[in-house]
Every structure is written in structure tokens, then in C-alpha cells.
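Letter by letter, the chains look like this.
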Amino acid sequence: WFESRLIFDNTPLADIITNLERRYNVEIALSSHIRVDKRLSLVVYHEPLEDIMEVISRLMPVRCQIDGDRVFVTNRGKSR
């Protein structure tokens, strides 16, 4: 994760979240109903965290809310 990009190829969401927390120095809280074993593929360069979370919300049925250095990820249609 020290490189200029993060490459996720069929990577579990749990691993992606861990790497994003390190890269963006945030805490990402996932709702207990979200499958952390769901696998995604994406490449992150220097995009803002908001853009990355938007991509994840398009790939999965989740809603992301950023509040300072915390990110809340919930199922679509549910509040945190």
C-alpha cells in the first residue's frame, strides 16, 4: 500500500477496507449485514476517498456516508 496505486483483483471486501483505512487514514465501519467476503476488482490511484466509496456503492448494494475521519457503510435503504 506504499505504492502510488492499490490494485484489488477479486479481493475480499474486508481486505479492501483494511487497505483503504491505511491509505486514507480513516476508520471504515461496516454494517453487520454487509458481506465482507464479497470479492471486488478495482484499482485506486490518488482519487479522493469519496470517489472510491462511490465506486464501491455502485458495485455493491451499499450506501456510504463520510463523517470526518469515519466512514459508515450500510445496506442501501437502511440508516447507520
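Scroll up for the structure.
Residues numbered from 1 in each chain as written. Predicted model: local features only at pLDDT ≥ 70, side-chain atom pairs only at ≥ 80, totals over all residues. Heavy atoms only, no water.

Student: Which residues make up the environment of Arg-58, and what values do they have?
Tutor: Here Arg-58 shows up in helix α2 (residues 49-59). For the pair formed by Arg-58 and His-33, sequence separation is 25 residues and the distance between their alpha carbons is 17 Å. Separated by 2.8 Å, the side chains of Arg-58 and Glu-54 make a polar contact. (Helix = DSSP H or I, 4+ residues; strand = E, 2+ residues; numbered from the N terminus. Polar contact = N/O pair within 3.5 Å; in protein donor to acceptor, adjacent residues only side chain to side chain.)

Student: Quick rundown of the pairing of strand β5 (residues 70-75)? Include the residues and the values.
Tutor: With five of six residues buried, β5 lies mostly within the body of the structure. As judged from the six bridges shared by strand β4 (residues 62-67) and β5, these two strands associate in the antiparallel manner. Among the inter-strand pairings, Asp-67 is bridged to a residue of β5, identified as Arg-70. Where β4 hands over to β5, the hairpin turn is made up of two residues, of which Gly-68 adopts a positive phi near 65 degrees. (Buried < 20%, exposed > 50% of the residue type's maximum accessible area, 1.4 Å probe, protein only. Pairing = 2+ DSSP bridges.)

Student: So, α2: which residues are in play, and what are the values?
Tutor: Of all the positions in α2, only Leu-49, Ile-52, Met-53, Ile-56 and Ser-57 are classed as buried. Each buried residue of α2 lies within a common arc of 140 degrees when the element is viewed along its axis, so the set occupies one face. Against the buried residues of α2 lie α1 (13-24), β3 (39-44), β4 and β5. (Arc of directions from axis to C-beta. Contact = heavy atoms within 4.5 Å.)

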